[in-house]
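What follows is each chain in one-letter form.
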Amino acid sequence: MPQYLMKRFGGNRIRLYLSLISLFLYIFTKISVDMFSGAVFIQQALGWNIYVAVIALLIITCIYTVTGGLAALMYTDTIQTFVIIAGAFVLMGYSFHEVGGYQALFTRYKDAVPSLRDSMNPLRYNISDKCYLPRADSYNLLRDAVSGDLPWPGLIFGITIIGVWFWCSDQVIIQRCLAARNLTHVKAGCVLCGYIKLLPMYLMVLPGMISRILYPDEVACIVPEECEKICGTPVGCSNIAYPKLVVALMPNGLRGLMLAVMLAALMSSLASIFNSSSTLFTMDIWARFRKGASNKELMIVGRVWILCIVAISIGWIPVVQAAQSGQLFDYIQSVTSYLAPPIGAVVVLGVFVKRVNEPGAFWGLIGGLAMGLCRMIAEFVYGTGSCIFPSSCPFIFCGIHYLHFAIILFSCTCILVLIISFCTPPIDEKHLHRLVYNLRYSQEERIDLDIVDEPEPTEEEKAEAMRQMTDITENKIWSTVVNVNAIIMMCVAIFLWSFYA
């Protein structure tokens, strides 16, 4: 995507911006979240401290990632996808059997309240009914536009805007599409992902509701002191709903297999993000300032960068634990809502509006970033609060739901981009063939805006490049086998542990 935007608009500053903001999003919405999610599984299964679990997760990830590359990650991802879906269906079956069936779920959910509901320190806080009772609109997909926890305008339009960024410009997704054999495989893979995205309602949301019914004192805990004991954070323990089901409900063997595959998937996701972020940093940032950097230098810098972002992400985990009343989904969507809409606006306008130019796109991104950071920084300074301890953040900064804010931010960015673009010279059409929707079938020769006269490589440089390509080809199968074997060994280890735990 950075390369496409550079071809579409010319110059390097948009490409650099997109690389920097993508790395920022990786740290705060992907790496820290994946580490926290994996640590929650380990914590529930073994009772370890959250940071001990994070370190263990990172060590295992490094062991089976160092030898692999993107191809190995895609092979292991494919295997894990089918195993996870099969295991999730099995867990869903056990969950519905335990709760008494589909109708029993909706009958019993309204009564799923914790037994401890009284404040342990009345002088400091009180607990109202709305803090522990299930929402009256729990069964509605489209909820009130103002008071809903996921208001319907935000659900329909806000998440769509976030999806434009994730599915159309996120490096993790695009890197996989570019690695496909041909365009048909890319389209087929995207269609398959679309169908798989229909499953979480039945494989995750409904089992999560069942988890609250079966374990209300833990999943729905409301007394801060009690929540601190259960999951390590006083704002709530809803994040443990799914791992609690896996650990407590699944039989021996299946429980170990499910935990192993879930952890393998999280580690594979971490490895994919490490791979993508390393590529972004070395190729779009480091190589820009070190134009003569060798491949060995880029490899070392990429690995050092991974260590840096891991350290930052570990330091960010307490924020992830406490943000948005301890609800991980809301945290991910909120941070993305503050940073991603400007990128989505520029991508959409860049594809469909020929008149949009580089100054409009760049200053639209900067203006959108400024708006998003105002909301994000204010929210983290004042805290998102909880039902018991509401946030003191002023309404002008934090009063609008984050999905509504995404819609406003997207609209403001579009307006800013169009105003600046129409006030500055347009890009000549000879630079836009096959880069915009109206010219997608054009047969005219395109003169790229990003053409730079580069010296012809020497014979020694060509020979070195060929040698490295040969090494990569020879190691691809080996690294894939190593990764798959590492995952199988981990699955076997946790499978055996489940019989003796």
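Scroll up for the structure.
Residues numbered from 1 in each chain as written. Predicted model: local features only at pLDDT ≥ 70, side-chain atom pairs only at ≥ 80, totals over all residues. Heavy atoms only, no water.

Engineer: If you had to explain the overall build of the chain to someone new, which residues and values would you point to?
Structural biologist: The secondary structure content of the chain amounts to 20 helices and zero strands. Per-residue burial for the chain yields a buried fraction of 47% across its 501 residues. Across the chain, contacts joining residues at least 24 apart in sequence account for 76% of those joining residues at least 6 apart. In the form shown here, the chain has an accessible surface area of approximately 25,300 Å², with 66% of it arising from carbon and sulfur atoms. (Helix = DSSP H or I, 4+ residues; strand = E, 2+ residues; numbered from the N terminus. Buried < 20%, exposed > 50% of the residue type's maximum accessible area, 1.4 Å probe, protein only. Contact = heavy atoms within 4.5 Å. Areas by Shrake-Rupley, 256 points an atom, 1.4 Å probe, with all protein chains shown as cover.)

Engineer: Explain helix α2 (residues 13-46) to me, using residue names and the numbers behind them.
Structural biologist: The end-to-end C-alpha distance of α2, which contains 34 residues, comes to 48 Å, matching closely the 50 Å that a straight helix rising 1.5 Å per residue would cover. Helix geometry: α2 is bent most strongly at Y26, by close to 40°. Taking burial as the measure, the 34 residues of α2 include 30 buried ones, the bulk of the element. Looking at the residues trailing α2, positive phi occurs at G47, about 75°. (Expected span 1.5 Å × (residues − 1). Bend = angle between axes of the 7 residues up to and from the residue.)

Engineer: Got a sec to walk through the packing of helix α15 (residues 328-339) against helix α19 (residues 402-422)? Specific residues and values, please.
Structural biologist: Interaxial distance between α15 and α19 falls to 8 Å at its minimum, and their mutual angle equals 20°. It follows from the interaxial angle that α15 and α19 lie roughly parallel. For the element pair α15 and α19, the recorded crossing hand is left-handed. When α15 is examined against α19, the residues D330, Q333, S334, S337 and Y338 are found in contact with a partner set consisting of Y402, L403, F405, A406 and L409. Here the contact of α15 with α19 is composed, by residue class, of six nonpolar, three polar and one charged. (Axes fitted to C-alpha atoms, helices over the stretch in contact; angles between N-to-C directions. Parallel < 35°, antiparallel > 145°, perpendicular 65-115°, else oblique. Left-handed = near helix turned anticlockwise from the far one by under 90°. Nonpolar A, V, L, I, M, F, W, Y, C, P; charged D, E, K, R; others polar.)

Engineer: Please provide a residue-by-residue account of the state of the cysteines, values included.
Structural biologist: Counted according to the given criterion, the structure contains four disulfides. One disulfide bridge connects C221 with C227, the sulfur atoms lying 2.2 Å from each other. Around the S-S axis, the bridge from C221 to C227 shows a dihedral of about 130° and counts as right-handed. With relative accessibility at 0%, the residue C227 sits in the buried group. Note that C393 is cross-linked by a disulfide to C398, the S-S spacing being 1.9 Å. An S-S torsion of about 60° defines the bridge between C393 and C398 as right-handed. Here C393 and C398 have matching classes, each one buried. Here the bonded cysteines of the chain are numbered in sequence order, and their pairing is 1-6, 2-3, 4-5, 7-8. (Disulfide = S-S within 2.5 Å.)

Engineer: I'd love a proper account of the packing of aromatic side chains, names of residues and values included.
Structural biologist: With the rule as written, the count across this model stands at 13 aromatic pairs. When the centroid spacing of 5.3 Å and the interplanar angle of 40° are considered together, the rings of F352 and Y437 count as tilted. Of the two residues, F352 is situated in helix α16 (residues 341-352) and Y437 in the loop between α19 and α20 (459-500); the sequence distance between them amounts to 85 residues. Each member of the aromatic cluster is reached from another via a ring pair, and the members are F96, Y102, F106, Y109 and Y139. (Phe/Tyr/Trp six-rings, centres within 6.5 Å; stacked < 30°, edge-to-face > 60°.)

Engineer: Can you lay out unusual backbone geometry for me, pointing to particular residues and giving the numbers?
Structural biologist: Here the phi dihedral of R434 falls at roughly 65°; this positive angle occurs in a residue that is not glycine. Turning to its location among the elements, R434 is positioned in the loop between α19 and α20. Take R434: its relative accessible area is 38%, and that puts it in the partly exposed class.

Engineer: Give me the lowdown on the nonpolar core, citing residues and values where you can.
Structural biologist: Core analysis: the largest hydrophobic core is formed by 108 residues, its most contacted members being F9, I31, F41, Y242, F274, L339 and I343. The element best represented in this core is α2, accounting for 19 residues. (Core = buried A, V, L, I, M, F, W, Y, C linked by side-chain atoms within 4.5 Å.)

Engineer: I'd like to hear about the environment of G399, residue by residue, with values.
Structural biologist: Within the fold, G399 resides in the loop between α18 (395-398) and α19. Taking the C-alpha atoms as reference points, G399 and R375, separated by 24 residues in sequence, lie 9.9 Å from one another.

Engineer: How would you explain the pattern of salt bridges if you had to name every residue and give the values?
Structural biologist: Counted by the stated rule, this structure contains nine salt bridges. In this structure, the salt-bridge partner of R135 is D149, at a minimum N-O distance of 3.6 Å. Of this pair, R135 sits in the loop between α5 (102-108) and α6 (152-169) while D149 is found in the loop between α5 and α6, placing the two residues 14 residues apart along the sequence. The exposure class assigned to R135 is partly exposed, which follows from its relative accessible area of 33%. For E379, the salt bridge goes to R375, with nearest N and O atoms at 3.3 Å. Of this pair, E379 and R375 both sit in helix α17 (residues 358-382), separated by four residues, roughly a single helical turn. With relative accessibility at 7%, the residue E379 sits in the buried group. Residue class for R375 comes out buried when judged on its relative accessible area of 4%. A network of salt bridges, in which partner residues are shared, links R135, D137, R143 and D149. (Salt bridge = Lys/Arg side-chain N within 4 Å of Asp/Glu carboxyl O.)

Engineer: Describe the side chain of S19, and please don't skip the residues or the numbers.
Structural biologist: Following the sequence through the fold, S19 ends up in helix α2. Judged by its relative accessible area of 0%, S19 is buried. When near neighbours in sequence (up to four residues on either side) are disregarded, S19 contacts P2, L280, D284 and I285.

Engineer: So what about a nonpolar patch on the surface? Which residues, and what values?
Structural biologist: On the surface, L141, L142, W152, I156, F157, M201, Y202, M204 and V205 cluster together to form a nonpolar patch covering roughly 920 Å² of accessible area. Looking at the nonpolar patch, the elements with two or more residues in it are α6 and α9 (200-214). Looking at the nonpolar patch, the element that brings in the most residues is α9, giving four residues. Of note, L142 is situated in the loop between α5 and α6. (Patch = residues over 30% accessible without salt bridge, like charges linked within 9 Å, V, L, I, M, F, W, Y side chains within 5 Å.)

Engineer: Can you lay out α9 for me, pointing to particular residues and giving the numbers?
Structural biologist: Helical periodicity: at 3.6 residues per turn, an α-helix aligns residues three or four positions apart in one direction. Taking 1.5 Å as the rise per residue, α9 with 15 residues should run 21 Å; its terminal C-alpha atoms sit 20 Å apart, in good agreement. What α9 keeps buried is the set L203, L206, P207, G208, M209, I210, S211, R212 and I213.

Engineer: So what's going on with the packing of helix α1 (residues 2-9) against α2? Which residues, and what values?
Structural biologist: Where α1 contacts α2, the axes come no closer than 8 Å and their chain directions differ by 155°. The angle between the axes of α1 and α2 places the two elements in the roughly antiparallel class. By crossing handedness, the relation of α1 to α2 is classed as right-handed. Judged by residue contacts, P2, Q3, L5, M6 and F9 of α1 engage I14, R15, L18 and S19 from α2. Looking at the contact of α1 with α2 residue by residue, the class counts come to six nonpolar, two polar and one charged.

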